[in-house]
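# Working through the structure, step by step
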Amino acid sequence: MKILITGGAGYIGSHTAVALLEAGHTVVIADNLSNSKEWTIKKVTQIMSKRITFYNIDVTDEEAVENIFSNHPIEGVIHFAGLKAVGESVEKPLEYYYNNLVSTMVLAKACQKYKVMRFVFSSSAVVYGENQVPFVETMDLLPTTNPYGETKVMSERILFDIAKVNPAFSVSVLRYFNPIGAHESGIIGELPNGIPNNLMPYLTQVAKGKLKKLRIFGSDYPTVDGTGVRDYIHVMDLAEGHVAALENLTTGIHFYNLGTGQGTSVLELVNAFEQASGIKILYEVVERRPGDIALCYADVAKAKKDLGWTAKRDITTMCRDSWRFENNYKDR
Ligand code: NAD
Ligand code: UD1
């Protein structure tokens, strides 16, 4: 199939481009490079020795999006493009609501106009709020405490309403848990701008000596060792989850957790990283980070049953691959 990947120069989009090409699909990427570099697309073509058509456009721009649909026989869309920094979304709510909601509506509209009936959307475990773990797709969504999270809840709702009145529209909403790791070649990986907010890129930069020490946000959570627990998933497993979602789309809208089902605490991740890299990580425990929850992990039964997909790579592999990319990447 010929697939339009919005946000395909970004972290998850670029790895999904590799997985789609590996599965024999053709890829068109649309990205405004607001949080990525064209370099990444070149690297994807290097890994796969296959051509990718790239449009440097903003996907909130209706005309620019329609131009792609009129020039290519697009058969499906995977919509990754979005702003994703939780803290920044509190500072810049309008930017987040505008970018994340308008992009979803523009793409859904173009799909209706050009009769593209396959749509896969990047959602997040953030939509579960402080529900009881493990999070199951049937749970009521709870308030998310930040505009970023709300854009995911609202986008899901918009797609739900569109699917309800367009019986041929097939939508898969994928709720990601915590993607880490990198392509095993070490050629592409996560490239955060500035000082990372997320744990794994912070850890790799401490290991590399770019940052002094890790701050662990809270050690008094009701968890195995007091530190926050998350469901870390290898980005290539996540990427392969998108291929499975696309290839198993059925009419209507369907929601899937993409995680491993395993919770790992911050200290457990630090230990796993030290073992995988052979480097001791300097850290200190500080106050909890506002908005963080204690526990977040998935019930993964639905994706396994409907899509035949499960995550395969373990925490050691995730740490090893993140570390390999940090070591390989010279250009920051
Ligand atoms: P990323 O920032 O690496 O990639 C997003 C890409 O979208 C970037 O390349 C950026 O330049 C592009 N983009 C943003 N707005 C755009 C616009 N209006 N037009 C064109 N391009 C635009 O982020 P990622 O980690 O790859 O995340 C991809 C998607 O998955 C996002 O929607 C994010 O909210 C969601 N998600 C990510 C995580 C995570 O932990 N990384 C977790 C849950 C959900
Ligand atoms: C965060 C977002 C989430 C988003 C995801 C991916 C919040 C509240 N949630 O998830 O919506 O989908 O990123 O972008 O921001 N930690 C430290 N020290 C650090 C960094 C993190 O101790 O320097 C801890 C956190 O407290 C948490 C765990 O590590 O317990 C994972 O944090 P992080 O990688 O930021 O992901 P989330 O907070 O789960």
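Details of the structure are given in the entry above.
Worth saying up front: this structure is predicted, and the values here are computed from it rather than measured. (Residues numbered from 1 in each chain as written. Chains lettered and ligands numbered in written order. Predicted model: local features only at pLDDT ≥ 70, side-chain atom pairs only at ≥ 80, totals over all residues. Heavy atoms only, no water.)

## Here we look at unusual backbone geometry
Residue Pro134 follows Val133 across a cis peptide bond; omega there is -5°. Mapped onto the fold, Pro134 is located in the loop between β5 (118–124) and α6 (147–165). Positioned with a positive phi, Lys115 is a non-glycine residue whose angle comes to about 55°. Lys115 sits in the exposed class, given a relative accessible area of 64%. Residues other than glycine seldom take positive phi values, yet Thr145 does so here, at roughly 70°. Among the secondary structure elements, Thr145 is positioned in the loop between β5 and α6. (Helix = DSSP H or I, 4+ residues; strand = E, 2+ residues; numbered from the N terminus. Buried < 20%, exposed > 50% of the residue type's maximum accessible area, 1.4 Å probe, protein only.)

## Digging into the sheet that holds strand β12 (residues 264–265)
Read from one edge of the open sheet, three strands run β12-β9-β14, paired in mixed fashion. Two strands in the sheet have a free side with no partner beyond their single neighbour: β12 and β14 (295–296). Of the strand pairs in this sheet, strand β9 (residues 229–230) and β14 are connected by two bridges, and their pairing is parallel. Looking across to β14, one finds that Val229 is bridged to Leu295. (Pairing = 2+ DSSP bridges.)

## A word on the nonpolar core
In this structure, Ile5, Leu20, Val27 and Ile29 are the most contacted members of the largest nonpolar core, which totals 38 residues. Looking at this core, the elements with two or more residues in it are β1 (2–6), α1 (11–22), β2 (26–30), α2 (38–48), β6 (170–176), α8 (235–247), β11 (252–258) and α10 (301–307). It is α8 that contributes the most residues to this core, eight residues altogether. Residues in contact with Val27, not counting those within four places in the same chain, are Ile3, Ile5, Ala17, Leu20, Leu21, Ile52 and Thr53. Of all hydrophobic cores here, the second largest spans 28 residues; its members include Ala64, Phe69, Val116 and Ile253. (Core = buried A, V, L, I, M, F, W, Y, C linked by side-chain atoms within 4.5 Å. Contact = heavy atoms within 4.5 Å.)

## Describing the site of ligand 2
The environment of ligand 2 is formed by 19 residues, the closest being Leu199, Arg215, Arg230, Arg289 and Asp292. The contact in question runs from an oxygen atom of ligand 2 to an N or O atom on the side chain of Ser124, over 3.4 Å. One of the backbone nitrogen or oxygen atoms of Arg215 is found 2.7 Å away from a nitrogen atom of ligand 2. Protein contact buries 88% of the 740 Å² of open area that ligand 2 shows by itself. Tallying contributions element by element places strand β8 (residues 214–217) first for the shell around ligand 2, with four residues. Class assignment of the residues belonging to the shell around ligand 2 gives a composition of nine nonpolar, six polar and four charged. (Near = heavy atom within 4 Å. Polar contact = N/O pair within 3.5 Å; in protein donor to acceptor, adjacent residues only side chain to side chain. Areas by Shrake-Rupley, 256 points an atom, 1.4 Å probe, with all protein chains shown as cover. Nonpolar A, V, L, I, M, F, W, Y, C, P; charged D, E, K, R; others polar.)

## Topic: the site of ligand 1
Residues in contact with ligand 1 amount to 26 residues; listed here are only the nearest, Asp31, Asn35, Ser36, Lys84 and Asn99. Protein contact buries 94% of the 810 Å² of open area that ligand 1 shows by itself. Sorting the residues of the shell around ligand 1 by element identifies α1, β5 and α6 as the ones contributing at least two each. Residue contributions to the shell around ligand 1 peak at three residues, all from β5. Residues belonging to the shell around ligand 1 are distributed by class as follows: eleven nonpolar, eleven polar and four charged.

## Points about the pattern of salt bridges
In total, this model carries 16 salt bridges according to the counting rule given. Two residues, Glu66 and Lys113, come together in a salt bridge whose shortest N-O distance is 2.9 Å. Residue Glu66 is located in helix α3 (residues 62–71), and its partner Lys113 is located in helix α5 (residues 93–113); the two are separated by 47 residues in the primary sequence. Here Glu88 ties to Lys92 by a salt bridge, and the two come within 3.6 Å at their closest N and O atoms. Assessed through its relative accessible area of 33%, Glu88 is described here as partly exposed. When its relative accessible area of 35% is taken as the criterion, Lys92 is described as partly exposed. When salt bridges with common partners are traced through the structure, they connect Arg157, Asp161 and Lys164 into a single cluster. (Salt bridge = Lys/Arg side-chain N within 4 Å of Asp/Glu carboxyl O.)

## Observations concerning the packing of aromatic side chains
Summed over the entire model, instances satisfying the criterion amount to eight aromatic pairs. Between the NZ or CZ atom of Arg288 and the centre of the ring of Tyr221, over which it lies, the distance is 4.0 Å. Cation over ring: Lys302 sits above Tyr256, and NZ or CZ is 4.8 Å from the ring centre. (Phe/Tyr/Trp six-rings, centres within 6.5 Å; stacked < 30°, edge-to-face > 60°. Lys NZ or Arg CZ within 6 Å of the ring centre and 35° of its normal.)

Geometric descriptors of this kind do not, in isolation, establish any biological role.
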